[in-house]
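For reference, the chains in residue letters:
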Amino acid sequence: MQVFYPMPCSNATSSISSATSEKPILPSISAEIGCVWWKRRHQLLHGSPSGFCRQEVFDKGVLRYTDELPLQSILKLLGDDSFPLQEVVLKDDHKRSISRVWLDDKAYVLKKYQHLHRWLAVSQDTRGWLGAHRLQNGVSCYAWYRRHDLSYSIIVYEDAGDCDLYMPQCLQSPVPQLFDLFRQAGGCIAALHRQNIFHADTKPSNFVYQSNAGTNRKVRLIDTDDIRNYWHLSNKKRARNLAQFIGCSRPEVSQTLYVQTLLEFFRGYLLESLTSTAELLALLPAMRRATLALYPERKNRNLAIFARLLKYLQD
């Protein structure tokens, strides 16, 4: 079993205490709301006069696509038998599969949904297509193909990154780079919370980046199947988002390293949300309860991590 050893923890807490006096990270993530969103939503489902989104009806299904990618390229990505593509499966379960494919030396991500709901408005693939355009996360979503027989649908995305914050490859990064990645993740969640936006799945594996970007690695939050906007985002929902990230740790990685990186995650959250450490401390019990409910199999480990986080934040 491999164990990753961190640097000493001496500077971690000081970065938290001075967080609100530093310049915010300002991650480029937001969501469309109000009349602007409802107009765009209608165009995404039915097509737009401007050509921003088009709808094509074929014998076996309906294709909706934006003007960011040529139609012929989209058809090749969706599975033209005469034009086989290199493909790597990233995830496969009974609900959906995700794969990376290459076309003209560029990578794309295909998300395939099974067991579609006959009602378009509540089907998960519909929510995925709409959420990908509602959440302005710097990741393009090019097309959505849905079979008439409801056997499957496919959404075509830009490849946002080959690495995520749960991978061992990430956690073995040099400490300054690792801290920067976790700070960006905290800033992303805070930016959404500041706009009263709830992302239903903020676990570390949904924060991705390009590993070949050198020191300029930009974290993007993906998985847009459930994006909600509220007049006021409750503390319960804020705590749940933070708990989804905090509680999902790899068992082979030392607790000390996780405490360090989570303090940097909190630092990013405080910088972007412009809240105080005291307000974060007040939210900590709700985070702990949500973490135990979300990850019961990690109960002992997460309780130990929370105890150390509490100590450092109080100091």
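Residues numbered from 1 in each chain as written. Predicted model: local features only at pLDDT ≥ 70, side-chain atom pairs only at ≥ 80, totals over all residues. Heavy atoms only, no water.

### Points about the confidence of the model for the protein chain
Per-residue confidence for the protein chain gives a mean pLDDT of 89; residues scoring 70 or more make up 90%. Confidence drops under a pLDDT of 50 for residues 1-15, and excluding neighbours within four residues, the segment shows 27 contacts in the predicted structure. Between residues 17-26, whose pLDDT stays under 50, and residues either more than four places distant or in other chains, the model counts 17 contacts. (pLDDT = per-residue confidence, 0-100. Contact = heavy atoms within 4.5 Å.)

### Some details on the nonpolar core
Judged by nonpolar contacts, the single largest core of 44 residues is most densely connected at Leu165, Phe207, Phe245, Ile246, Phe265, Phe266 and Met287. Of all the secondary structure elements, the ones that give two or more residues to this core are helix H5 (168-171), helix H6 (175-194), strand S12 (207-209), helix H7 (235-246), helix H8 (255-273), helix H9 (277-294) and helix H10 (299-314). Those residues in contact with Leu165 that lie beyond four places of it in its chain are Cys170, Leu171, Leu181, Phe182, Ala185, Pro204, Phe207, Tyr209 and Phe245. Among the nonpolar cores identified, the runner-up in size contains 16 residues, and Ile98, Val109, Leu116 and Ile155 belong to it. (Core = buried A, V, L, I, M, F, W, Y, C linked by side-chain atoms within 4.5 Å. Buried < 20%, exposed > 50% of the residue type's maximum accessible area, 1.4 Å probe, protein only. Helix = DSSP H or I, 4+ residues; strand = E, 2+ residues; numbered from the N terminus.)

### Regarding the sheet that holds strand S13 (residues 220-221)
The sheet built from three strands is open, its strands ordered S10-S12-S13 with antiparallel pairing. Strands with a single pairing partner mark the edges of an open sheet, and in this sheet they are strand S10 (163-164) and S13. Across two bridges, the pairing between S10 and S12 is antiparallel. Bridge pairing in S12 places Cys163 opposite Tyr209. (Pairing = 2+ DSSP bridges.)

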